[in-house]
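Observations on the three-dimensional arrangement
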Amino acid sequence: MEKLLKLRDEMKEDLLHGSIFPFWEQYTIDHENGGFYGAVTVDKVIHKDASKGLVLNARLLWTFAGAYRIFGDEKYKKLADRAFNYIVERFWDHKNGGGFWMLHADGSVEDDTKMTYGQGFLLYAFSEYVRATGSEEARRYADMTYDYIENECKEGNYYLENARGTGSSNGAITEAGNLSMNTHIHILEPMTCYFRIRHDACVEESLVNLIEITARRIYDTEHHHFVMFFNDKMEPLPGEVSFGHDIEGSWLLTEAAEVLEKYGADKARAEKLLEEAKEVAINMVNFTLSHGMDTDGGLFDEGHEEGGIAVPNKVWWVQAEAVVGSVNAWQITGDEKYLDSALKSWAYIKAEIINGPAGEWFASGKNSPDEENSHLLCGPRKCPYHNARAAFEIYERCEALEK
């Protein structure tokens, strides 16, 4: 426990006073056009003409709402309020529902595609904002986003890459008509958060469906990792292994089942799904740590299913998820090797990822070859969501253990 508390304190310090929040407070607030700037590079140059992405802005809302809920500092509420108001005014389609994928720097619409992935982060953000503030307006937007996802972004039990009739954004990660692991797990996480604030039977069934899809279709029971891509019938397609999504998904799946058990009406079903989720989580963490972690503690981005590394970058968000996934495995099993793995990941982050005071995290470790988006500290998907969430998770898990 002492090791975990030290990890909590170091991550909290980096979040609140070190590299993360001081950067976003100092460099990203757009006082001219509202909201937040769309890009800041590693030299801390603000690119005021950069486009503003839905994912970045929704993640900012989620992050600052979470910070206010956990730490109670009014400055985080002000930042969350700013993000919420800008999203509602600019990103939300008040005629047809859903959120636009990309805006110009002045707030006008650049790409009106409604990527399901982006709608998921809207649901995540609105739900967390409700948890933090009790806002009934945000609850109404969360409800509308849930309805939009279920009605426009879903075919049968599966979630499409884009809402129907909204074009094909270049943000999609798979070919037209195919389905992806990435979209499904990033609907799982907001659905979990939404079920915390809306305990309706329809939401419970949506969450159960996503847990079952993740554990029984996306999870490869033979090789113990997620399949990345599927055809339109949710049949697996060949591809690489995403170590980051696997270790992230291990704890997201566990969290979803825990929330289902807490709030769901069908307790027996929830208990069975929780046991299944824990088994899947441990299997995936074991696979990830044995196949994807380097000797320096950094986790590689992607590997080949048959073995070996496909993408050797040690991407920032992957390292953050390695910390949480390992701690979650320790909590499930009590095996100290997982806690030691989390500490090893954190040591790598401190050595190779953190960019100094008010400097955010590098997009990839300094020792990564061919650094991926390494020039961006703030970008369409480069945000304080993974690293802040990791700090939140370790802090809240410690709080729960100390009670």
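In what follows, the accompanying structure is described.

Rules of the game
- Residues numbered from 1 in each chain as written.
- Predicted model: local features only at pLDDT ≥ 70, side-chain atom pairs only at ≥ 80, totals over all residues.
- Heavy atoms only, no water.
- Core = buried A, V, L, I, M, F, W, Y, C linked by side-chain atoms within 4.5 Å.
- Buried < 20%, exposed > 50% of the residue type's maximum accessible area, 1.4 Å probe, protein only.
- Helix = DSSP H or I, 4+ residues; strand = E, 2+ residues; numbered from the N terminus.
- Contact = heavy atoms within 4.5 Å.
- Disulfide = S-S within 2.5 Å.
- Phe/Tyr/Trp six-rings, centres within 6.5 Å; stacked < 30°, edge-to-face > 60°.
- Lys NZ or Arg CZ within 6 Å of the ring centre and 35° of its normal.
- Expected span 1.5 Å × (residues − 1).
- Polar contact = N/O pair within 3.5 Å; in protein donor to acceptor, adjacent residues only side chain to side chain.

Below, the discussion takes up the nonpolar core. Core analysis: the largest hydrophobic core is formed by 140 residues, its most contacted members being Phe21, Phe126 and Met191. Top contributing element to this core by residue count: helix α3 (residues 54-71), with 12 residues. Contacts of Phe126, omitting those with residues within four sequence positions, involve Leu61, Phe84, Ile87, Val88, Trp92, Ala138, Tyr141, Ala142 and Thr145.

A few words on the state of the cysteines. A covalent bond bridging the sulfur atoms of two cysteines is what the word disulfide describes. Counted according to the given criterion, the structure contains 0 disulfides. Here Cys378 stays free of any disulfide, with the sulfur of Cys383 as its closest cysteine sulfur at 8.6 Å. Judged by its relative accessible area of 0%, Cys378 is buried. Given the relative accessible area of 0%, Cys383 is considered buried.

On to the packing of aromatic side chains, then. Enumeration according to the criterion identifies 24 aromatic pairs in this entry. Ring geometry for Tyr86 versus Phe91: centroids 6.0 Å apart, planes at 70°, classification edge-to-face. Across the pair, exposure class does not vary: Tyr86 and Phe91 are buried alike. Taken together, the aromatic side chains of Trp62, Phe71, Tyr117, Phe121, Tyr124, Tyr385, Phe392 and Tyr395 make up a single cluster linked through ring pairs. Its guanidinium or amino end placed over the ring of Phe121, Arg59 lies 4.5 Å from that ring's centre, counting from NZ or CZ.

Another point: helix α6 (residues 136-152). Residues separated by three or four positions in an α-helix point in the same direction, a consequence of the helix having 3.6 residues per turn. Over its 17 residues, α6 extends 24 Å from the first C-alpha to the last, a length consistent with the 24 Å expected when each residue adds 1.5 Å. Those residues of α6 that fall on the buried side of the exposure criterion are Ala138, Arg139, Tyr141, Ala142, Asp143, Thr145, Tyr146, Tyr148, Ile149 and Glu150. As for α6, its buried residues are in contact with α4 (74-91), α5 (116-133), β5 (154-155), β6 (158-159), α7 (181-197) and α8 (201-218). The opening residue of α6, the one whose side-chain oxygen lies 3.4 Å from the backbone nitrogen of Glu137, is Ser135.

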